[in-house]
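What the coordinates show
Chain residues, written in single-letter form:
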Amino acid sequence: MQSLFALAFTLLGYALYRIQKRRRVLEHVPGPGSQHWLLGERSPFARPSTTLKSRTGNFPDLLRSPAAEMEFEWTRQYGGALKFNGAFGEQLLLISDPAAAQYILQTSGYGFIRPRTGKRSRGSSLDAGFSLSKVSWLFCEDQLVIIRVIAGEDHKRHRRIMAPGLSSVEINSFLPVFSAKAARMADKWAELLYDKEVAVCDIPTRFDYKFDALDDATNEMANVYHNLLYAIGRLPDRVVQLWNDSVPNKRRAHTKRCRNVGERVARQLVHDKLAALSVDKGGNDIMSRLVKSNMFVDAKDRLDVHELLAELLTMILSGHETTANTLSWTLLELSLHQDVQTHLRSEIRAFLSTLQGHDKVSASALDTLPYLNAVVKETLRFHAPVYNTARTAARDDVIPLRTPIVNHCGESMHEVPVQRGQRVIISIAAYNRDTEIFGPDADEYNPERWLRSGHVNKQGSIGMYSNLLTFGGGHRGCLGWRFAVLELSAFLLELIDRFEFNMSPDIRIHRGAAAVMLPMVEGELDKGAQLPLSIRYAASTD
Ligand code: HEM
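Within each chain, residue numbers correspond to sequence positions counted from 1 in written order. At least 70 in pLDDT is required for a residue's local features to be given in this predicted model, at least 80 for side-chain atom pairs to be given and counted, and no such filter applies to totals for whole chains, interfaces and linings, which use all residues. Only hydrogens and water are set aside; all other atoms, that is, all heavy atoms of the structure, feed into the side-chain values.

As for the sheet that holds strand 4 (residues 199-202)
Quick reminder of the rule: Strand pairing follows a simple DSSP-based rule, namely that at least 2 bridges must link the two strands. A run of H or I in DSSP counts as a helix once it spans at least four residues, and a run of E counts as a strand once it spans at least two, with each numbered from the N terminus. To define axes, lines are fitted to C-alpha atoms, for helices over the stretch in contact only, and angles between the resulting N-to-C directions are given on a 0 to 180 degree scale. The contact criterion used throughout is that any non-hydrogen atoms of two residues lie within 4.5 Å.
Strand order in the open sheet formed by 3 strands is 4-12-9, with antiparallel pairing between adjacent strands. At either end of the open sheet lies a strand with only one pairing partner, and these are strand 4 and strand 9 (499-502). The average undirected angle you get between the axes of adjacent strands in this sheet is 40°. Note: strand 9 against strand 12 (residues 532-537), 4 bridges, orientation antiparallel. Paired with F501 across the strands is I535, a residue of strand 12. Lying over the sheet, helix 21 (residues 481-498) contacts strand 9 and strand 12, oriented at roughly 90° with respect to strand 9.

Following this line, the structure appears as C-alpha cells:
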C-alpha cells in the first residue's frame with residue numbers, strides 16, 4: 001500500500017512538474033487571465049458568463065455554452081495564438097493563425113498528434129484505430145468503441161485503403177443516391193403540407209442512409225445516434241472522465257447504449273458486406289466499397305476485421321451528423337436571408353429547366369452553378385460543424401505565425417515555442433472568420449464574397465476545400481469532404497426548388513456546443529438539436 005502511495009505521489013509530482021514546465025515556456029504568450037484552477041473555466045468549452053455560478057464550473061452551464069463563442073472573443077482580443085487555462089492548472093494554446101495551423105496540421109509531419117488517453121474502453125472488442133476528429137472526447141467518455149489514435153505509418157495505411165472509395169470519381173457516382181434520398185425527404189415534407197398552406201417542420205439534423213430513419217422513426221440505431229454528439233459534449237476531458245467514472249448519469253447511460261448498438265450494427269455491416277462479396281454480390285454503397293478496396297490491397301497492408309469495424313464506425317459518425325447539420329444551418333441562413341434563398345432558387349430552376357428532370361443532373365454540372373457553390377461554401381465557413389480540433393505536441397517545437405502577436409511586455413512574437421505534451425486547440429471556426437482571408441465582413445453570412453473577385457484571399461490555402469479549414473487539413477484532413485459537398489448540393493437542389501423556408505421571429509437559434517455544432521432552440525436546450533422552420537411550396541415563379 002505504501003509503495004502504491006509513493007508511486008502515485010511520484011507520478012503526481014512528475015505531472016505537476018511537466019505542467020509547470022509547459023506553463024513556463026508559454027509564459028509570454030498572451031491570453032485571458034487566470035480562472036478556476038480545477039475546471040479551467042472560461043475555456044472554449046465554457047459559457048461566456050461572469051456569474052459566480054459559471055465561475056465555479058457548473059456542468060449544466062458548461063454544456064449550454066454557445067459553440068466557438070469564446071474562441072471568437074479571445075481571437076479578436078489576443079490574435080491568432082493565445083493561451084488559456086484548461087482543467088487542473090494546465091495551459092492550452094488556442095490557434096487560428098493560418099501559418100500556425102498549417103504547420104501543426106501539415107508541415108510538422110506527425111509533430112502534432114491527436115491527443116491520447118491512457119484509458120481504454122472496457123471490454124470492447126473493437127480495439128482498433130478510430131479517426132474521427134473528436135476522438136479524444138469519445139475516449140474521455142470511455143463509453144464508445146473508440147480506443148486508440150492511430151498515427152504515422154499505421155495512419156497512412158488506413159488512409160491509403162479508405163481514400164480510393166472516397167475519390168471524386170467514386171463520390172460522383174453517388175449523386176443518384178443523394179438525389180433519390182433528397183426527393184424522399186422532400187416527399188415526406190410534402191405530406192405535411194397535404195391539407196395546409198404552411199407547416200412547421202423540424203429540420204432533421206441527421207441523414208440516414210444506412211439506418212433508414214426517414215421511414216422508421218423507431219429504428220434503433222438511428223435513435224441512439226440522434227444527438228449522440230451532443231451527448232458526448234466537449235467538457236475538459238479529465239473532468240468528464242472523473243464525472244463519468246464516479247457519477248452514474250443519463251449522459252453516461254446514453255453513450256453506453258450507443259456503444260453497444262454501434263458495435264453490434266458495425267459488426268453486422270462488416271459481416272454482411274464480407275458475405276456478399278464472397279459470393280460476388282458486393283453492393284455499391286460506401287461501406288461495400290471500403291470492404292472491397294481492403295480485399296484488394298497487399299495482405300501486409302490490409303485492415304484486419306477490428307480495424308475495418310473501427311473505420312466503418314468512423315464513417316458512420318463522421319458522415320452522420322456533420323453533413324446533415326450543415327444542411328440545417330444552410331436552411332436556417334436561407335430562412336433568415338430571403339434574398340439569398342430567392343437568388344438560389346432562380347439559379348436552380350434555370351438550371352433544371354435545361355434538363356429533362358432531376359435524375360439527369362451530373363456532379364460536373366453542379367459545379368457550374370456559382371450561387372449554389374457560394375451558398376454551400378459560405379455555410380461551411382460560417383457554421384463549421386466541427387468547430388475546433390485538438391492536437392498534442394509530440395516534441396519540443398516552435399510554431400511559426402503569419403501575424404505576430406503582442407506579448408505581455410508589449411513585444412511582438414513571430415513564433416510560439418512549445419514543450420512536448422503541450423495541448424493545442426486549433427479553432428476552425430475562428431480561422432474561418434479571419435478578415436485577412438475572408439474580407440472585412442467575415443463575421444457576416446454573405447455568399448456573395450465567393451463571387452466577388454479578390455474578396456476571398458486564396459493565397460496560402462491550407463484546407464481541403466477552397467481555403468476553408470472546415471474539413472481540417474494535412475495528414476488528417478477529412479476524407480469525406482467531396483461526399484459532403486455533393487450531398488449538400490443535391491439536397492439543396494431538390495429542397496429549394498420545391499419549398500420556401502421561413503423562420504418565426506419568436507424563435508432564436510443557439511449554436512449548440514457538442515462534438516458537432518448543433519442547432520438548438522433558445523430556452524429549449526434540454527431538448528437537444530432542433531430547428532423548427534416553416535415550409536410552404538415555393539411559388540412556381542419568383
Ligand atoms: C460537412 C461535413 C463534414 C465535415 C465538416 C467534416 C469535418 C472533418 C474534419 C474537420 C476532420 C479532421 C479532423 C482533425 O483533423 O482532427 C475530418 C476527418 C474525417 N472525416 Fe470528415 N467531415 C464531414 C463529412 C465527412 C463525411 C461525409 C465522411 C465520410 C463519408 C467523412 C470522413 C472523415 C474521415 C474518415 C476523417 C478522418 C481522416 C483521418 O483521420 O485520416 N467526413 N472531417
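There is more to say, and it comes next.
Points about the pairing of strand 7 (residues 412-418)
Both strand 6 (residues 397-406) and strand 7 contribute to a ladder of 6 bridges, which runs antiparallel. Residue D397 lies in a different strand from strand 7, and its bridge partner there is V418. Connecting strand 6 to the antiparallel partner strand 7 that follows it, the hairpin turn spans 5 residues, and G410 within it adopts a positive phi of roughly 85°.

Here's the deal with the confidence of the model for the protein
Note the cut-off: The quantity called pLDDT is the predictor's confidence in a given residue, expressed from 0 to 100.
Across the protein, pLDDT averages 77, with 69% of residues at or above 70. Of all helices and strands in the protein, the one with the weakest mean pLDDT is helix 6 (residues 135-141) (30), whereas helix 18 (residues 370-382) scores best (98). Scored below 50 in pLDDT, residues 117-148 makes 107 contacts in the model with residues more than four places away or belonging to other chains. With pLDDT under 50 throughout, residues 207-219 is counted as low confidence; its partners more than four residues away or in other chains account for 35 contacts.

Comments concerning the sheet that holds strand 5 (residues 388-393)
Strand order in the open sheet formed by 5 strands is 1-2-8-5-3, with mixed pairing between adjacent strands. Unpaired on one side and paired on the other, strand 1 (81-85) and strand 3 (112-113) mark the two borders of the sheet. Sheet topology note: the strand 1/strand 2 (residues 91-95) ladder contains 5 bridges and is antiparallel. Counted as the bridge partner of A81 is I95 from strand 2. Packed onto the sheet, helix 4 (residues 69-78) meets strand 1, strand 2, strand 5 and strand 8 (423-427) and runs at close to 125° relative to strand 1. Against the sheet, helix 5 (residues 98-107) contacts strand 2, strand 3, strand 5 and strand 8, and its axis sits at roughly 120° relative to strand 8.

A look at helix 5
The condition is simple: Burial here depends on accessible area, computed with a 1.4 Å probe over protein chains only, as a share of the maximum for the residue type. Under 20% is buried, over 50% is exposed, and the range in between is partly exposed. Distance and chemistry together define a polar contact, namely a pair of N or O atoms within 3.5 Å, with one atom able to donate a hydrogen and the other to accept it when in protein, and with adjacent residues in sequence counting only for side-chain atoms on both sides.
Taken as a whole, helix 5 has its buried residues at P98, A100, A101, Y103, I104 and L105. Backbone nitrogen of A99 and a side-chain oxygen of the N-cap are separated by 3.0 Å at the start of helix 5; the cap is D97.

A closer look at the packing of helix 16 (residues 338-353) against helix 21
For the record, the criterion: Orientation labels follow simple angle bins: below 35 degrees gives roughly parallel, above 145 gives roughly antiparallel, 65 to 115 gives roughly perpendicular, and whatever is left gives oblique. Under the scheme applied here, ten amino acids are nonpolar (Ala, Val, Leu, Ile, Met, Phe, Trp, Tyr, Cys and Pro), four are charged (Asp, Glu, Lys and Arg), and all others, including Gly, are polar.
Taken N-terminus to C-terminus, the directions of helix 16 and helix 21 make an angle of 105°; their axes are 9 Å apart at the nearest point. Of the possible angle classes, the one that applies to helix 16 and helix 21 is roughly perpendicular. Contacts between helix 16 and helix 21 involve Q341, L344, R345, I348, R349, F351 and L352 from the first element and L492, L493, I496 and D497 from the second. Among the residues making up the contact of helix 16 with helix 21, the classes are represented as 7 nonpolar, 1 polar and 3 charged.

Observations concerning the nonpolar core
Test applied: For our purposes a nonpolar core is just a set of buried Ala, Val, Leu, Ile, Met, Phe, Trp, Tyr and Cys residues, chained together by side-chain atoms within 4.5 Å.
Ranked by size, the top nonpolar core spans 113 residues in total, and within it W189, L331, L366, I399, V416, L495 and F501 carry the most contacts. Of all the elements, helix 21 adds the most residues to this core, at 12 residues. Setting aside its immediate chain neighbours within four residues, L366 contacts L175, F351, V361, L372, N373, L486, S489 and L493. Within the second largest apolar cluster, 8 residues are counted, among which are M70, L94, A390 and I425.

Regarding the site of the ligand
Selection criterion: Note on definitions. A residue lies near a molecule or strand when any single heavy atom of the residue is within 4 Å of it.
For the ligand, the set of nearby residues contains 31 residues, the closest of which are H155, R159, T389, R391 and C478. Separating an oxygen atom of the ligand from a side-chain N or O atom of R159 is a distance of 2.6 Å. One of the side-chain nitrogen or oxygen atoms of T389 is found 2.5 Å away from an oxygen atom of the ligand. Counting only elements with at least two residues in the shell around the ligand, the list comes to helix 7 (152-162), helix 15 (305-336), strand 5 and helix 21. The element best represented in the shell around the ligand is helix 15, accounting for 7 residues.

Some remarks on helix 18
To be explicit about the condition: To estimate how far a helix should reach, multiply one less than its number of residues by 1.5 Å.
Taking 1.5 Å as the rise per residue, helix 18 with 13 residues should run 18 Å; its terminal C-alpha atoms sit 18 Å apart, in good agreement. Within helix 18, 12 of the 13 residues are buried, which leaves the element mostly enclosed by the surrounding structure. Of all the positions in helix 18, only Y371, L372, N373, A374, V375, V376, K377, E378, T379, L380, R381 and F382 are classed as buried.

Section: the UniProt feature "binding site: heme" (unreviewed entry) in the protein
To keep things clear, this is the line we draw: UniProt positions are given in the numbering used here, feature names are shortened, and annotations may be inferred rather than shown by experiment.
Sites flagged by UniProt as "binding site: heme" (unreviewed entry) map to C478. Its location among the elements puts C478 in the loop between helix 20 (435-438) and helix 21. The class of C478 is partly exposed, set by a relative accessible area of 26%. With residues up to four places along the chain from it excluded, the contact list for C478 reads M464 and F471.

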